[in-house]
Amino acid sequence: MNSTLEIISNIERISLKNQKLSTEQTLKIITAYRAISDDPELIDKIIHLIKMYSKQEQYSKLLSPRQNQIFNLIGLDFSSKEIADMLVISEATVSTHRKNMIKKLQLSGSGALLKMAYSYSNKKELD
């Protein structure tokens with residue numbers, strides 16, 4: 001059995017026992033994958049996303065949990081298609097969420113949303 005399948009098997013075994021990995025353990029596993037991944041930038045984005053969620057911060061009380069999730073992904077420079085694929089929703093749904101966030105945050109357009117999300121994401125990275 002190759003290493004990846006062995007790791008997946010171990011994770012599945014642990015989940016069947018209803019055991020949970022701590023955020024620190026999860027980050028260690030994903031960081032280890034970075035060294036062997038053919039897409040280390042994706043691993044970096046995943047690590048950053050985990051760190052963001054581990055703080056359990058949300059940008060604004062105005063946004064729904066799903067909108068906060070999409071806002072954070074926008075800040076990590078994921079495209080609407082990537083966000084849709086990741087969250088298993090349509091691009092049209094992502095677009096609707098973007099429009100609603102722009103209204104709720106009283107922004108002038110999608111560029112302002114991107115700038116705000118990116119700025120927030122980078123600020124959190126420095127914390």
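Presented here is a report on the structure given in the accompanying data block. Remember, predicted model here, so these are calculated numbers, not experimental data.

A word on the overall build of the chain. Each helix and strand in the chain was counted, giving 7 helices and 0 strands. Taking contacts inside the chain between residues at least 6 apart in sequence as the whole, the part at least 24 apart equals 54%. For the chain, the computed accessible surface area is about 8,600 Å², with 55% contributed by carbon and sulfur atoms.

The next thing to look at is helix 1 (residues 3-16). For helix 1, spanning 14 residues, the distance from its first C-alpha to its last is 20 Å, which sits close to the expected 20 Å at 1.5 Å a residue. The first or second residue beyond helix 1 is Asn-18, which carries a positive phi of 60°.

Moving on, we come to helix 4 (residues 65-75). Most of helix 4 is tucked away, with 8 of its 11 residues classed as buried. At the exit of helix 4 stands Asp-77, carrying a positive phi of roughly 70°.

This part is about the packing of helix 5 (residues 80-87) against helix 6 (residues 91-104). Viewed as axis vectors pointing N to C, helix 5 and helix 6 meet at an angle of 110°, and their least axial separation amounts to 8 Å. Looking at the two axes, helix 5 sits roughly perpendicular to helix 6. Between helix 5 and helix 6 the crossing geometry is right-handed. Here Ser-80, Lys-81, Ile-83 and Ala-84 of helix 5 come into contact with helix 6, specifically with Glu-91, Val-94 and Arg-98. For the contact of helix 5 with helix 6, the residue count by class is 3 nonpolar, 1 polar and 3 charged.

Scoring rules and cut-offs
- Residues numbered from 1 in each chain as written.
- Predicted model: local features only at pLDDT ≥ 70, side-chain atom pairs only at ≥ 80, totals over all residues.
- Heavy atoms only, no water.
- Helix = DSSP H or I, 4+ residues; strand = E, 2+ residues; numbered from the N terminus.
- Contact = heavy atoms within 4.5 Å.
- Areas by Shrake-Rupley, 256 points an atom, 1.4 Å probe, with all protein chains shown as cover.
- Expected span 1.5 Å × (residues − 1).
- Buried < 20%, exposed > 50% of the residue type's maximum accessible area, 1.4 Å probe, protein only.
- Axes fitted to C-alpha atoms, helices over the stretch in contact; angles between N-to-C directions.
- Parallel < 35°, antiparallel > 145°, perpendicular 65-115°, else oblique.
- Left-handed = near helix turned anticlockwise from the far one by under 90°.
- Nonpolar A, V, L, I, M, F, W, Y, C, P; charged D, E, K, R; others polar.

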